[in-house]
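Breakdown of the fold
What follows is the residue order along each chain.
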Amino acid sequence: MQDYIIINEKDNVAVALTDLPAGMIIHTKDHDVLVKEDIARGHKVTLCDLAEGENVIKYGNPIGHTTTFVPAGSHVHIQNIKTNLGELLEYEYHPVAKEELRQTHKRTFMGYRRPNGKVGVRNEIWVIPTVGCVNNVATAIAAAAKSKCHGSVEDVVAFPHPYGCSQMGDDQENSRIILADFINHPNAGGVLVLGLGCENSSISVLKEYLGEIDENRVKFLQCQDVEDEMEAADALLEELVSYAASFEREEIDASELIIGMKCGGSDGLSGITANPTVGEFSDLLISQGGTTILTEVPEMFGAETLLMDRCATPELFKKTVAMINDFKEYFMRHNQTIYENPSPGNKKGGISTLEDKSLGCTQKSGKASVMDVLPYGKKVTTKGLNLLSAPGNDLVAATALAASGAHIVLFTTGRGTPFASPVPTVKISTNSALSNKKNNWIDFNCGVLVEDETMDVLAEKLFDYVIEVASGKKVKAEEAGFHDMAIFKQGVTL
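No experiment lies behind these values; they were computed from the predicted model shown.

Our focus in this paragraph is unusual backbone geometry. Most peptide bonds take the trans configuration, and most residues that are not glycine carry a negative phi. The backbone of Y59 sits at a positive phi, close to 60°, despite the residue not being glycine. Looking at the element boundaries, Y59 is found in the loop between β6 (55-58) and β7 (61-66).

Okay, structure coming up:
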């Protein structure tokens, strides 16, 4: 196993892959460096003397500047580094040559083909409340209906949320769009839309967002209209389960997969192991005609130009600039610091600044060209790599990925988390210690990348694992019965 890594030949720091004791020697291409103090795994050690105000270089890019003189062999972190980021920026388009993506053997998965031609990787019944007032009823309905599952029907799941009423403007619109996205999601073989009757986003209003409805697949129940909502729901669930049970898994080309990519609880190894592996997987899937979606816009700040220059057209470059600056303006409207990131857990894991976090985060995008830029709640329609506007919050971002059409979300983490999303959420550890400690959370370990595995082999293994999940293998969160949904709230609550 490696003790440390110098990620890019331009870097003036190395990253500890295991705890480094004071007194050990780091060998660089040009000279040796004596480590002056203990350096924890994931943290950075300087490879040369850094003057006050000098840029700290990692991933070949500045991640901030020193706030004092930092001698070679020293720990460089939040005590002596500060972000270079400011507020709104002007950007220029410098398109890079399109990279040739590595090819791999053709893959198929066993999925569900819906009558409208869309594909699902699960055949569940979803109970979706239009308003938070009926959350407990939705949960009770789903729990009571689980015993009805038979044949290919895998589960009955409720998705409670606090919205659908007392909202204004974009918030109310976003709630309606996201709920409609899930009602139409192909991972659900049947959907019960549960309304109250007096809410803003009532069933009648929501129907306007749904488009053409398959009445066998989607049923509606307004609780104020019936004497016993549990009894009425029971009859509707019988019909939905019967309909969904008519679907069977069939062989489907991997080109029809849509995979969301997200990280959370990141550490200093995120940009070295798990995120680059997901990026390599993304390129492999795209090379087969598939689709990936990258989100968490605030964690692009500081690395956004790398994505902008990979935009396939000037129009997409402009959309990416708008996405970045719109999100910065959202922070500014609320009088919040744009770069108030990373989190305490990120810092403990070795991430010092937002640039440090973002340059690691965007590794998940691989090398493919950006083919589309999606506003929050918009369904993906373009094959290849898509950027999606959503915040960094784990539950909100993962929900946004699912709402945009992701069949599965790949979630990399260095600290660990048990949360789920409306679709299978694969937890990918950045280090083996986490995988071993939280085996009940972690589905796939990328820590082996700094032990005895190569990137090419590990990315192929991740691809194989995704195919297994798409074909019905439950991830750890599903085994635990976890399903979460969180809608992005931006404005006033009445």
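Here the narrative resumes.
Attention now moves to the packing of aromatic side chains. Note on aromatic pairs: each is described by the distance of the centres and the angle between the planes. Evaluation of the coordinates by the stated rule reveals 14 aromatic pairs. Note on F301 and F331: the rings are 6.3 Å apart at their centroids and 65° apart in plane angle, and the pair reads as edge-to-face. Here F301 is found in the loop between β18 (291-294) and α6 (304-308), whereas its partner F331 is found in helix α7 (residues 314-333), with 30 residues between them in sequence. By the burial criterion, F301 is buried, and F331 matches it. Ring centres of F327 and Y330 lie 5.5 Å apart, and the angle between their planes is 85°; on these two criteria the pair is classed as edge-to-face. Of this pair, F327 and Y330 both sit in helix α7, 3 residues apart, which is roughly one turn of that helix. Comparing F327 with Y330 shows no difference in burial state: the two are buried.

A word on the side chain of K357. With respect to the helices, strands and loops of the structure, K357 is situated in helix α9 (residues 354-361). Looking at K357, its side chain comes within polar contact range of the side chain of E299, at 3.3 Å. At 2.6 Å, the side chain of K357 forms a polar contact with the side chain of N346. Setting aside chain neighbours within four positions, we find K357 in contact with E299, N341, P342, S343, N346 and I351.

To continue, consider helix α2 (residues 169-183). For α2, with 15 residues, the first-to-last C-alpha span of 22 Å sits near the 21 Å given by 1.5 Å per residue. Of all 15 residues making up α2, 11 are buried, and the element is well covered by its neighbours. Buried residues along α2 sit against β12 (124-129), β14 (188-195), α3 (203-207), β15 (218-222) and α10 (394-403).

Bringing the packing of α2 against α10 into the picture now. With their axes 9 Å apart at the nearest point, α2 and α10 run at an angle of 55° to one another. As summarised for this structure, α2 and α10 are arranged oblique, according to the angle between their axes. Remark: the crossing between α2 and α10 carries left-handed chirality. Within the contact between the two elements, α2 uses I178, D181 and F182 and α10 uses T399, A402 and A403. Each residue belonging to the contact of α2 with α10 can be placed in one class, and the counts come to 4 nonpolar, 1 polar and 1 charged.

Turning to the nonpolar core, a few remarks are in order. The biggest cluster of nonpolar side chains holds 95 residues, and the ones touching the most others in it are L257, I408, L410 and I428. No other element matches helix α12 (residues 455-470), which puts 9 residues into this core. Ignoring any residue separated from it by four or fewer positions in sequence, one finds I408 in contact with V121, I258, I259, G260, V423, P424, V426, V466, V469 and A470.

Okay, the side chain of N135 next. Take N135: it is sitting in helix α1 (residues 135-145). Exposure remark for N135: the relative accessible area of 14% places this residue in the buried category. For N135, the contacting residues outside a window of four places in its chain are P129, P160, H161 and P162.

A contiguous nonpolar surface patch, about 320 Å² in accessible area, is contributed by M168, V492 and L494. The residue V492 is located in the segment after α13 (476-479) in this model.

A word on the environment of G271. Looking at the element boundaries, G271 is found in the loop between β17 (258-263) and α5 (274-287). Its relative accessible area of 6% is what places G271 among the buried residues. The sequence separation of G271 and Q363 amounts to 92 residues, and the corresponding C-alpha distance is 6.3 Å. Those residues in contact with G271 that sit more than four places away from it in its chain are Y59, P276, G360 and Q363.

Now for the packing of α5 against α12. Across the interface, α5 lies against α12 with an axial gap of 9 Å and an inter-helix angle of 65°. Between α5 and α12, the crossing angle belongs to the class labelled roughly perpendicular. Between α5 and α12 lies a crossing of right-handed hand. Where α5 abuts α12, its residues P276, T277, V278, E280, F281, L284 and L285 lie against M455, D456, L458, A459, E460, L462, F463 and V466. In terms of residue class, the contact of α5 with α12 is built from 11 nonpolar, 1 polar and 3 charged.

Parameters and conventions
Residues numbered from 1 in each chain as written. Predicted model: local features only at pLDDT ≥ 70, side-chain atom pairs only at ≥ 80, totals over all residues. Heavy atoms only, no water. Helix = DSSP H or I, 4+ residues; strand = E, 2+ residues; numbered from the N terminus. Phe/Tyr/Trp six-rings, centres within 6.5 Å; stacked < 30°, edge-to-face > 60°. Buried < 20%, exposed > 50% of the residue type's maximum accessible area, 1.4 Å probe, protein only. Polar contact = N/O pair within 3.5 Å; in protein donor to acceptor, adjacent residues only side chain to side chain. Contact = heavy atoms within 4.5 Å. Expected span 1.5 Å × (residues − 1). Axes fitted to C-alpha atoms, helices over the stretch in contact; angles between N-to-C directions. Parallel < 35°, antiparallel > 145°, perpendicular 65-115°, else oblique. Left-handed = near helix turned anticlockwise from the far one by under 90°. Nonpolar A, V, L, I, M, F, W, Y, C, P; charged D, E, K, R; others polar. Core = buried A, V, L, I, M, F, W, Y, C linked by side-chain atoms within 4.5 Å. Patch = residues over 30% accessible without salt bridge, like charges linked within 9 Å, V, L, I, M, F, W, Y side chains within 5 Å. Areas by Shrake-Rupley, 256 points an atom, 1.4 Å probe, with all protein chains shown as cover. Salt bridge = Lys/Arg side-chain N within 4 Å of Asp/Glu carboxyl O.

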